[in-house]
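Topology and contacts: notes
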Amino acid sequence: MTTVIDGNSVASDIRSEITDCVETLEDSGVNPGLATVLMSDDPASETYVSMKQQDCEEVGIESHHVEIDPDAPAAELFDTIDDLNDDPAVDGILVQLPVPDHVDKREVIRAIDPAKDVDGFHPENVGRLVAGDARFKPCTPHGVQKLLEAYDIETEGADAVIVGRSDIVGKPLANLLIQKAPLGNATTTVCHSRTDDLAAYTETADIVIAAAGVTEFIGGSMLSEDATVIDVGINRVDADNEKGYQLVGDVDYESAEPVVDAITPVPGGVGPMTRAMLLYNTVKGASEAHGVDIELP
Ligand code: NAD
């Protein structure tokens, strides 16, 4: 029987523990706050930001939202970030990516105070993660680790194959899985768009993590019966429903599920975990900024 890894359930447990963390902070007079900054009129970005605000509300984190006209000069965004860096009510700052073309994304990431960089993208935080001294683990890779932990999937000594080398998923996840630390110690291979014969890597892996953004391209024939498959991909495909589309992963669930040992669905796998780990980073930031101890999940 294949185990279907339920991200909604694991994320819900984490959110409830984060609610307790918020209460502990409040008992010490600290109201944790997350600022979201949106400089885009892309409907998907608008939806992501409003979901993050909703998530905050649910666990008691105060959400501060700033919207900037996508045609405004870049300076407006940088001034906003400066203000949020200085605002003691804000413990985490999230600038929704992508930003418009006339704004340098790397400069935006560098402008955020690393102590409030709850995405974990600032070079100081990337360096700390690589050095095994992470302050904020990026939300999606951290969520993947938490899913593996929740289902007792051993990473130590496992052969893990990550498909995708992006700065937000593939690279940080590889760095987490190779750490000599709990939820690490995996022998980790990173495959990417120039990998010759991807199946040669995936079919012998104990853990396959797909994060390429290519619709259902990893099928059951590329996976072993002992494999745990974590599908990070979120791809829109046309569908005959009210929305006109549905979300599918990078893994062809129909052919993979009967073959493998455990698998995440899309939606309902990694997505809810990414959202939960943003809340985790926000309360962690608040706890460190105000010197209040909390018990993180
Ligand atoms: P990206 O486009 O920045 O990176 C994709 C990576 O996949 C690249 O490194 C590329 O080398 C690799 N790749 C592309 N085609 C490939 C192929 N045919 N074979 C092997 N490797 C290939 O994407 P990203 O931001 O890392 O996101 C990846 C996917 O994960 C997207 O579908 C995205 O929507 C999704 N995502 C989901 C969550 C979540 O919470 N579930 C979070 C972030 C991203």
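The model shown is predicted, which means the values in this text are computed figures rather than measured ones.

**Digging into the nonpolar core**
Across soluble globular proteins, nonpolar side chains have a tendency to be buried as a group. Among the nonpolar cores identified, the biggest contains 46 residues, and Ile-18, Ile-61, Val-144, Ile-209 and Val-283 are the most heavily contacted of them. Looking at this core, the elements with two or more residues in it are helix H1 (7-27), helix H2 (43-59), helix H6 (139-150), strand E5 (159-163), helix H7 (170-178), strand E7 (207-210) and helix H10 (270-290). Looking at which element gives the most residues to this core, the answer is H10, with nine residues. Counting contributing residues, this core receives three or more from each of domain 1 (29-121) and domain 2 (139-271). Those residues in contact with Ile-18 that sit more than four places away from it in its chain are Val-59, Ala-276, Leu-279, Tyr-280, Val-283 and Pro-297.

**What about the pairing of strand E9 (residues 235-238)?**
Two elements, E9 and strand E10 (residues 245-248), share four bridges in a ladder whose sense is antiparallel. Note that in E10 the partner of Asn-235 across the bridge is Val-248. Hairpin connection between E9 and E10: a loop of six residues separates the two successive antiparallel strands, and Gly-244 in this loop has a positive phi of roughly 90 degrees.

**Points about the sheet that holds strand E3 (residues 62-67)**
Sheets are built from strands that pair by backbone hydrogen bonding, the pairs being arranged parallel or antiparallel. Spatially, E3-E2-E4 is the arrangement adopted by the three strands of the open sheet, whose pairing is parallel. Only two strands of the sheet have a single partner each, and these edge strands are E3 and strand E4 (92-95). For this sheet, the mean inter-axis angle between neighbouring strands, taken without regard to orientation, is 20 degrees. Pairing between strand E2 (residues 33-38) and E4: four bridges, direction parallel. Within the sheet, the bridge partner assigned to Leu-34 lies in E4 and is Gly-92. Strands E2, E3 and E4 of the sheet are contacted by H2, whose axis makes an angle of about 170 degrees with E2.

**Description of the state of the cysteines**
In the structure shown here, the tally under the stated rule is zero disulfides. Just so you know, Cys-139 is unpaired, no disulfide at all, and the nearest cysteine sulfur is the one on Cys-56, 11 Å from it.

**Some remarks on the domain arrangement of the protein chain**
In terms of domain boundaries, the protein chain breaks down into domain 1 (29-121) and domain 2 (139-271). Computed from C-alpha atoms alone, the centre-to-centre distance between domain 1 and domain 2 is 28 Å.

Parameters at a glance
Residues numbered from 1 in each chain as written. Predicted model: local features only at pLDDT ≥ 70, side-chain atom pairs only at ≥ 80, totals over all residues. Heavy atoms only, no water. Core = buried A, V, L, I, M, F, W, Y, C linked by side-chain atoms within 4.5 Å. Buried < 20%, exposed > 50% of the residue type's maximum accessible area, 1.4 Å probe, protein only. Helix = DSSP H or I, 4+ residues; strand = E, 2+ residues; numbered from the N terminus. Domains from an automatic or database assignment. Contact = heavy atoms within 4.5 Å. Pairing = 2+ DSSP bridges. Axes fitted to C-alpha atoms, helices over the stretch in contact; angles between N-to-C directions. Disulfide = S-S within 2.5 Å.

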